[in-house]
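Chain residues, written in single-letter form:
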Number of protein chains: 2
Amino acid sequence: MKIGILGAGQLGRMLALAGYPLGLKFRFLDTAPGSPAGELAEQIVANYDDLRALNRFAEGLDVITYEFENVPVETVQFLEKYCPVFPPPGALEAAQDRVVEKSLFVKLGIPTPKFYSINSLDELLENLEKLQYPSILKTRRMGYDGKGQSVIRSAEDAVIAWNDVAGVPSILEQFIPFQRELSMLSIRSKTGDIRFYPLVENHHREGILRLSLAPAPNMTDSLQAEAEGYALKLLKELNYVGILAIEFFEYEDSGNGKLIANEMAPRVHNSGHLTQDGAVTSQFENHLRAILGLPLGSTAVNGYAAMVNLIGNVPNSEDVLSVPEAKLHLYGKTARPGRKLGHINLRSDSAEKLKAGVDSVQKLLG
Amino acid sequence: MKIGILGAGQLGRMLALAGYPLGLKFRFLDTAPGSPAGELAEQIVANYDDLRALNRFAEGLDVITYEFENVPVETVQFLEKYCPVFPPPGALEAAQDRVVEKSLFVKLGIPTPKFYSINSLDELLENLEKLQYPSILKTRRMGYDGKGQSVIRSAEDAVIAWNDVAGVPSILEQFIPFQRELSMLSIRSKTGDIRFYPLVENHHREGILRLSLAPAPNMTDSLQAEAEGYALKLLKELNYVGILAIEFFEYEDSGNGKLIANEMAPRVHNSGHLTQDGAVTSQFENHLRAILGLPLGSTAVNGYAAMVNLIGNVPNSEDVLSVPEAKLHLYGKTARPGRKLGHINLRSDSAEKLKAGVDSVQKLLG
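These numbers were taken from a predicted model, which means no experiment stands behind them. Within each chain, residues carry numbers counting from 1 in the order of the written sequence. Ligands are numbered from 1 and chains lettered from A, in the order in which they are written. Local features are withheld for residues below a pLDDT of 70 in this predicted model, meaning they are given only at 70 or higher, and side-chain atom pairs are given and counted only at 80 or more; totals for whole chains, interfaces and linings count all residues. With hydrogens and water excluded, all non-hydrogen atoms of the structure serve as input to the side-chain values.

**Notes on the packing of helix H6 (residues 121–128) of chain A against helix H7 (residues 157–164) of chain A**
All names here are of chain A.
Line of reasoning, step 1. It is at 10 Å that the axes of H6 and H7 come closest, and there the two elements cross at 135 degrees. One element, H6, and the other, H7, form an angle in the oblique class. Classified by chirality, the crossing of H7 by H6 is right-handed. Together, Leu121, Leu124, Leu125 and Leu128 of H6 and Ala158, Val159 and Trp162 of H7 make up the contact between the two elements.
Line of reasoning, step 2. Note on residue classes: Ala, Val, Leu, Ile, Met, Phe, Trp, Tyr, Cys and Pro are nonpolar, Asp, Glu, Lys and Arg are charged, and everything else, Gly too, is polar. Across the contact of H6 with H7, the residue classes break down as seven nonpolar, no polar and no charged. To obtain each axis, a line is fitted to C-alpha atoms, and for helices this fit is confined to the stretch in contact; angles are then taken between N-to-C directions over 0 to 180 degrees. By the criteria applied, helices consist of DSSP H or I runs no shorter than four residues and strands consist of E runs no shorter than two, each listed in order from the N terminus. Just so you know how the angles are binned, under 35 degrees is roughly parallel, over 145 roughly antiparallel, 65 to 115 roughly perpendicular, and the rest oblique. Here is the rule for handedness: rotate from the far helix to the near one, and if that takes an anticlockwise turn smaller than a right angle the crossing is left-handed, while a clockwise turn gives right-handed. Throughout, a contact is declared for two residues whenever any of their heavy atoms are within 4.5 Å.

Structure, rendered in structure tokens:
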């Protein structure tokens, strides 16, 4: 079986690394030569709207998937003439546009922050009055890692925010005073089989994920069940195939933790990297199993797992590998400020030992 | 860092899969095009005595290793002019010749079956009298998976055996009525750091490894200590760097298990494949760490681990992946009787559950 992957970044690279042991072969398409996945598989360098390149890319593939949600929907629709593309284009469309995404949440009864579609400064000013301060203006499309976002603390901020988003179609969202961010990695196979990983707790700095912990500390069965229920609705509505990541805010509601959905990603997700060394089956392997209709693997986490992202620079391998049980994952990228260059996974049978390992790793990052 | 590997079979392939996450790059040299490792890294197709190809192979490499012990020693010595080659040629020389190997065991006080170097039928007949029947005649060089061996049960078998080994320089060995075969995977880093994996119990059929279990059932601390002691002597004597596998027979000596060394392999070893999913650090990653002088990773086995080899044919992935916790490792080779095409690893917190998993997998193999 040969799998085509749109995007040859680190997620594609880790899909290939998880897929080779299953006897799978890979071909990548990416605009950038020398991409992380290109080092270990066939890569076609071309734009996503280059039909001749797409023809070449699709030749002889059994199934196609993608590693980032900004693949043009037209590209996916074109490729579907050759072989199945998973996750389905509907999921891609929803994930590419924050208004479509949040409208889908509302339609399915999944709690989400109040929001307004904004197409002009006037519309922004008008809708600002309906929300309490602070609120957040985000571009509808192409935002990631906190880019294309502006916090509005008073009416005076509106013009600045509108400039921040460069006047493109945007979404104004209610600000949720959340306790923490949690993510749910769910999987649905081509055969309809569904599994859920335990909730992951995520810590960001400067809008970029820095640390993930699983199972999320102080997780309750009811919180897990709530997240699974929301994920299930999305998986079924979208006739989804593959890994679906959903980011939730947890906030306190009369003493109990409640979830509110922030966004989703129709792909393997940074907060799921800890499954490589911490779960029975990694998100990468399960994504491949799902799109091939193979039985899904156990999503159980063995004890306690953590992931620390390596952003902008990478410590000495010697120092990292001196930390007991630290597993290094580098992407083969050149260093640049704010760039995701790798991550370190840790796993332990005790939460205390895991914390000690995380502390050691974070010390190395300064 | 770029690693050169002589031999692009499954062991090389799994070294690369373990090394990419460490940010390493790979180049392979093998006589056969389309080799398992060539699918996921640069491969030069050439003979091992092709000096121009060796020049091209060595260019820009930081360190060279090999995945099989029949690499010509001259090739390694030639390559040493460019960069370090590990394990060192002395280990290769010892492992390539059963007489040199067993003489080394004797020199270091490591118990090994009685043996005689045989260069003629007369020599065979003469030495047969000094050993009890049965005894075994093996070619000194190039034997593997039970090939190039002949059991001698009476003086009459001598001529047949001498024909079986085609009259090449051979070794006549005492037959050990052993209870089981155990293997010790030890590692010594370039920095001198040394670690040992728990003893592995191995089951063969038709001379080919079929099943490995770790830790070896009914293992005692004294058995592990005995094996470690022997491995330590070899690691130090050979100034060894990398994974060293030693196969032992366990036999009963006044009610206690005792070890007798059968052979060694200066490379990652089939009986260590279970470390991929059963140990904190796989033998492949630790071999790379050792030859790069990086800190060695924990060799602890998480609970109970097993490996089942896929010989000659491969069951449906769908069936394999239906077995809870079964991890499939295929090598991308075409099927052929007696050929190692892949393996399945299993890991469990209980020996009973592990056994159930192994039984399920073995049922699939028929």
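Back to the text.
**Description of the sheet that holds strand S4 (residues 63–66) of chain A**
Residues and elements named next belong to chain A.
Line of reasoning, step 1. Strand pairing is assigned whenever DSSP identifies at least 2 bridges connecting the two strands. Pairing within the open sheet is parallel, and its four strands lie in the order S3-S2-S1-S4. Each end of this open sheet is capped by a strand with a single partner; those strands are strand S3 (42–45) and S4. The average undirected angle you get between the axes of adjacent strands in this sheet is 25 degrees.
Line of reasoning, step 2. Taken strand by strand, helix H1 (residues 10–19) contacts strand S1 (2–6) and strand S2 (25–30), and its axis lies near 175 degrees from that of S2.
Line of reasoning, step 3. Strand contacts of helix H2 (residues 51–58): S1, S2, S3 and S4, with the helix running at about 170 degrees to S2, the strand carrying the most contacts.

**Comments concerning the pairing of strand S15 (residues 304–311) of chain A**
All names here are of chain A.
Line of reasoning, step 1. Only protein chains enter the accessibility calculation, which uses a 1.4 Å probe; a residue whose area is less than 20% of its type maximum is buried, one above 50% is exposed, and one in between is partly exposed. For S15, the buried fraction is high: seven of the eight residues fall into the buried class.
Line of reasoning, step 2. Note: strand S12 (residues 208–214) against S15, four bridges, orientation antiparallel. Paired with Leu211 across the bridge in S15 is Val308.
Line of reasoning, step 3. Here eight bridges tie S15 to strand S17 (residues 340–348), and the two strands are oriented antiparallel to one another. Paired with Ala305 across the bridge in S17 is Arg347.

**Concerning unusual backbone geometry**
All names here are of chain A.
Line of reasoning, step 1. The omega torsion of the bond from Phe86 to Pro87 falls at -10 degrees, within 30 degrees of zero and hence cis.
Line of reasoning, step 2. Looking at the secondary structure, you find Pro87 in the loop between helix H3 (73–79) and helix H4 (89–96).
Line of reasoning, step 3. One non-glycine residue, Ala166, adopts positive backbone phi at about 60 degrees.
Line of reasoning, step 4. When you line up the elements, Ala166 lands in the loop between H7 and strand S8 (170–174).
Line of reasoning, step 5. Unlike most non-glycine residues, Asn218 shows phi in positive territory, near 55 degrees.
Line of reasoning, step 6. The residue Asn218 is located in the loop between S12 and helix H8 (221–237) in this model.
Line of reasoning, step 7. What makes Asn218 exposed here is its relative accessible area of 70%.

**Considerations on the side chain of B:His287**
Residues and elements named next belong to chain B.
Line of reasoning, step 1. For His287, the position within the fold is in helix H10 (residues 283–292).
Line of reasoning, step 2. Overall, the relative accessible area of 0% leaves His287 in the buried class.
Line of reasoning, step 3. The definition of a polar contact used here is a pair of N or O atoms within 3.5 Å, where within protein one atom must be able to donate a hydrogen and the other to accept one, and adjacent residues in sequence count solely through side-chain atom pairs. At 2.9 Å, the side chain of His287 forms a polar contact with the side chain of Thr65.

**Some thoughts on the relation of the copies chain A and chain B**
Line of reasoning, step 1. We superpose the copies by least squares over the C-alpha atoms of residues that have a pLDDT of at least 70 in both of them. If you rotate chain A by 180 degrees and push it 0.0 Å along the axis, it lands on chain B with an RMSD of 0.0 Å. Within this description, the copies of the chain are treated as partners about a two-fold rotation axis. The C-alpha atom lying nearest the rotation axis in chain A is that of A:Leu40; the distance is 2.3 Å.
Line of reasoning, step 2. Taken together, the interface assignments show that 100% of the residues at the interface of chain A recur at the interface of chain B, consistent with an identical surface on both copies.

**Considering the packing of aromatic side chains**
Residues and elements named next belong to chain A.
Line of reasoning, step 1. Between the rings of Phe, Tyr and Trp (Trp by its six-membered ring), a pair exists once the centres lie within 6.5 Å; its type follows the angle of the planes, with under 30 degrees stacked, over 60 edge-to-face, and the other angles tilted. Counting across every chain of the model gives twelve aromatic pairs over all chains.
Line of reasoning, step 2. Taken together, a centroid distance of 6.0 Å and an interplanar angle of 40 degrees make the contact between Tyr230 and Phe248 tilted. Taken as a pair, Tyr230 in helix H8 and Phe248 in strand S13 (residues 242–253) lie far apart in primary sequence, 18 residues in all. For the pair Tyr230 and Phe248, one class covers both residues: buried.
Line of reasoning, step 3. Put simply, the rings of Tyr20, Phe26 and Phe28 touch in pairs and so form one group of aromatic residues.

**As for the confidence of the model for chain A**
Line of reasoning, step 1. Residue-level confidence of the predictor, termed pLDDT, takes values from 0 up to 100. Averaged over all residues, the pLDDT of chain A is 95; the fraction at 70 or higher stands at 99%.
Line of reasoning, step 2. As a predicted assembly, this complex carries a pTM of 0.96 together with an ipTM value of 0.95.

**Details of the nonpolar core**
Line of reasoning, step 1. Joining through side-chain atoms within 4.5 Å is the link that ties buried Ala, Val, Leu, Ile, Met, Phe, Trp, Tyr and Cys residues into a set, and such a set is a nonpolar core. A:Phe26 and B:Phe26 are the most contacted members of the largest nonpolar core, which totals 118 residues.
Line of reasoning, step 2. Setting aside its immediate chain neighbours within four residues, A:Phe26 contacts A:Lys2, A:Ile3, A:Ile5, A:Leu15, A:Ala16, A:Gly19, A:Tyr20, A:Ala41, A:Glu42 and A:Leu288.

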